[in-house]
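Here's the letter readout for the chains.
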Amino acid sequence: MGIFRKHNAAARVEAKGLADPIPSLWALFGMVPTVTGATVTSDQALSVPAVSRAMRLISEAVASFEFCVFQDLPDGTCQEVENDPAAVLLSTAANPWTSGFEFKRDLLIDALSDDVGGIAWVNHVNGQPREIIRYRSGIVQVRYDQATGEPFYTANVQGTPLTLPLSQVVHVRAPFGKAPLTLAREAIGTGIALSDHAARLFANGARPSGSLNIPKGIGQEAVLNARAAWSSTHEGSANSSKTAILYDGMSFTPFSFSSTDAQFIENRKFQILEMARAFGCPPSLLFDLDRATWGNMEQLSAEFLIYCLEPWLQVMEGALTRALCEFGSGKRIVADRDDMTRADLVSRATAISSLISSKTINPNEGREWLGLGPYVGGDEFANPHINPQGSMGAVAPVPAQPEKAAADV
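Because the structure is a prediction, the values reported are computed rather than measured.

*Asks:* I keep staring at the overall build of the protein chain and nothing clicks. Help me out?
*Replies:* Looking only at helices and strands, the protein chain features 16 helices and 13 strands. Residues classed as buried in the protein chain amount to 33% of the 409 residues present. Put simply, of all contacts in the protein chain between residues at least 6 apart along the chain, 60% involve residues at least 24 apart. When the accessible surface of the protein chain is split by element, carbon and sulfur atoms take 56% of a total near 24900 Å².

This is the structure we're talking about:
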């Protein structure tokens, strides 16, 4: 397996071929333009604030989860494997130059922006994962069996194609085989067009263009000179307040705003909703707070976890389990969702108290949820409201101190 450690220098040169062009190569030749005329690449899409915010929100939220390794037991239960090599790689450093957080974040960004998905290779030594290396788009080629859909991976190592075993490849793919960035290309193109329109509008003094009405009898050269003089004197935000001087009977007629210009702000705000739909994020998390209130913010956050993050977490867990855990070993990688689902302290205290009173959990289990240590007698299931002085770790009364003798006073 040492050959993978030697091809890093060669991998810096990305080889692209027309036999299997990647999306950015199609965009390079202008073969996937949108209706607005803009060819939306990953870099251009990130220039739309709602797109970059949605991608950062999803990728960083998923990367912030702690991924743990669990071992299935014969009795049907499972327990966490402490200090497992896979968990260490995901929580500390995936390789000497990439932290675990950066690896998970960048892998999901690839899945959100590239139809091929996010691909990484796991270096196994003596059957144990030692490092995880994420590859940029185009380095690893993916082929699928037409009947079963089984993927096959090949990497160009120093000019030689090398097959990568399926058990050593982390592959995170979006549904439909299309990245959200691809599916939302038209909406993103509209957002880019609106942004460009705003830039041109304010570059011309924040007002629409108009027409110079020139009387007959002026030659073409005079018309060109008048146009150049007007452009240099009155166009641009720096010249918006200068006084116009017209001569030889000329007049200026400004054009009025069209209906689209009058609803320009509404159109731009609608693009935020379009990006929220494309990526599955609540609009409030993209800073569109028109319909966000104190009463529904908590529900919107719960929907973000359930309907947006949870599918990606399931995909990440499956991809990491296939590559980091031996097939059939009973080990699996699970993301710890407790931090995201944790309520405020008052709600948690009320829920824990109710569970203890109903004898669903014991006090020590409730204290563990709060990050507190156990106490003697806290493992007993009892209702403290009915039997507060029972055997639930009640503190014994402190014996009274004997009265001091008169000689000690």
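Still to come is the rest of the account.
*Asks:* Even after reading the chapter, I still don't get the packing of helix α5 (residues 49-63) against helix α12 (residues 264-279), so can you show me in this structure?
*Replies:* The description of two helices packed together rests on the angle between their axes and the distance between the axes. Where α5 contacts α12, the axes come no closer than 9 Å and their chain directions differ by 30°. Handedness of the crossing formed by α5 with α12: right-handed. Residues A50, V51, A54, M55 and I58 of α5 form the contact with α12, whose own contacting residues are I272, M275 and F279. A breakdown of the residues in the contact of α5 with α12 according to their chemical character gives eight nonpolar, no polar and no charged.

*Asks:* What am I meant to see in the pattern of salt bridges here?
*Replies:* A full pass over the atoms with the stated rule returns nine salt bridges. Its salt-bridge partner being D84, residue K331 comes within 3.1 Å of it at the nearest N-O pair. With K331 in strand β13 (residues 331-336) and D84 in the loop between β2 (78-80) and α6 (85-91), this residue pair connects regions lying 247 residues apart in the sequence. With a relative accessible area of 29%, K331 lands in the partly exposed category. What makes D84 buried here is its relative accessible area of 7%. For R277, the salt bridge is made with E274, and the minimal N-O distance between the two is 2.8 Å.

*Asks:* Please explain the side chain of Q71 as it appears in this structure.
*Replies:* For Q71, the position within the fold is in strand β1 (residues 66-72). At 3.0 Å, the side chain of Q71 and the backbone oxygen of S329 are in polar contact. When residues no more than four places from it in sequence are discounted, the contact partners of Q71 are T77, C78, Q79, V81, S329, G330 and K331.

*Asks:* Even after reading the chapter, I still don't get the nonpolar core, so can you show me in this structure?
*Replies:* Note on soluble globular proteins: their nonpolar side chains tend to be buried together. Of all hydrophobic cores here, the largest spans 55 residues; its most connected members are F67 and I188. Here this core takes 11 residues from helix α13 (residues 297-324), the largest share from any one element. Those residues in contact with I188 that sit more than four places away from it in its chain are V40, A45, V48, V51, L181 and M275. W121, Y135, Y153 and L164 belong to the second-largest nonpolar core, a separate cluster that totals 12 residues.

*Asks:* How do you make sense of the packing of α5 against helix α7 (residues 100-113) when you look at a structure like this?
*Replies:* Interaxial distance between α5 and α7 falls to 8 Å at its minimum, and their mutual angle equals 140°. As judged from the angle between their axes, α5 and α7 are oblique. The element α5 and its partner α7 pack so that their crossing is right-handed. Residues M55, I58, S59, E60, V62 and A63 of α5 pack against F101, K104, R105, L108, I109, L112 and S113 of α7.

*Asks:* Is there a simple way to think about the sheet that holds β13 in this case?
*Replies:* Hydrogen bonds between backbone atoms are what pair the strands of a sheet, whose relative direction is either parallel or antiparallel. As summarised here, the arrangement of the three strands in space is β2-β1-β13, forming an open sheet in which the pairing is antiparallel. Edge positions in the sheet fall to β2 and β13, since each has one partner strand and no second. Each strand axis lies, on average, 40° off the axis of its neighbour in the sheet, ignoring direction. Two strands pair when backbone bridges link them, and β1 and β2 are joined in this way by three bridges, in the antiparallel orientation. Within the sheet, the bridge partner assigned to Q71 lies in β2 and is Q79.

*Asks:* Help me out: how do you make sense of the confidence of the model for the protein chain in this one?
*Replies:* Do not read the fine detail of predicted coordinates wherever pLDDT is low. Taken as a whole, the protein chain shows an average pLDDT of 77; of its residues, 71% reach a score of 70 or greater. Contacts of residues 390-398 to residues separated by more than four positions or lying in other chains number 13 contacts, the stretch itself having pLDDT below 50. Predicted confidence is poor over residues 405-409, with pLDDT under 50, and the contacts of this stretch with residues over four places away or in other chains come to zero contacts.

About the criteria used
- Residues numbered from 1 in each chain as written.
- Predicted model: local features only at pLDDT ≥ 70, side-chain atom pairs only at ≥ 80, totals over all residues.
- Heavy atoms only, no water.
- Helix = DSSP H or I, 4+ residues; strand = E, 2+ residues; numbered from the N terminus.
- Buried < 20%, exposed > 50% of the residue type's maximum accessible area, 1.4 Å probe, protein only.
- Contact = heavy atoms within 4.5 Å.
- Areas by Shrake-Rupley, 256 points an atom, 1.4 Å probe, with all protein chains shown as cover.
- Axes fitted to C-alpha atoms, helices over the stretch in contact; angles between N-to-C directions.
- Left-handed = near helix turned anticlockwise from the far one by under 90°.
- Nonpolar A, V, L, I, M, F, W, Y, C, P; charged D, E, K, R; others polar.
- Salt bridge = Lys/Arg side-chain N within 4 Å of Asp/Glu carboxyl O.
- Polar contact = N/O pair within 3.5 Å; in protein donor to acceptor, adjacent residues only side chain to side chain.
- Core = buried A, V, L, I, M, F, W, Y, C linked by side-chain atoms within 4.5 Å.
- Parallel < 35°, antiparallel > 145°, perpendicular 65-115°, else oblique.
- Pairing = 2+ DSSP bridges.
- pLDDT = per-residue confidence, 0-100.

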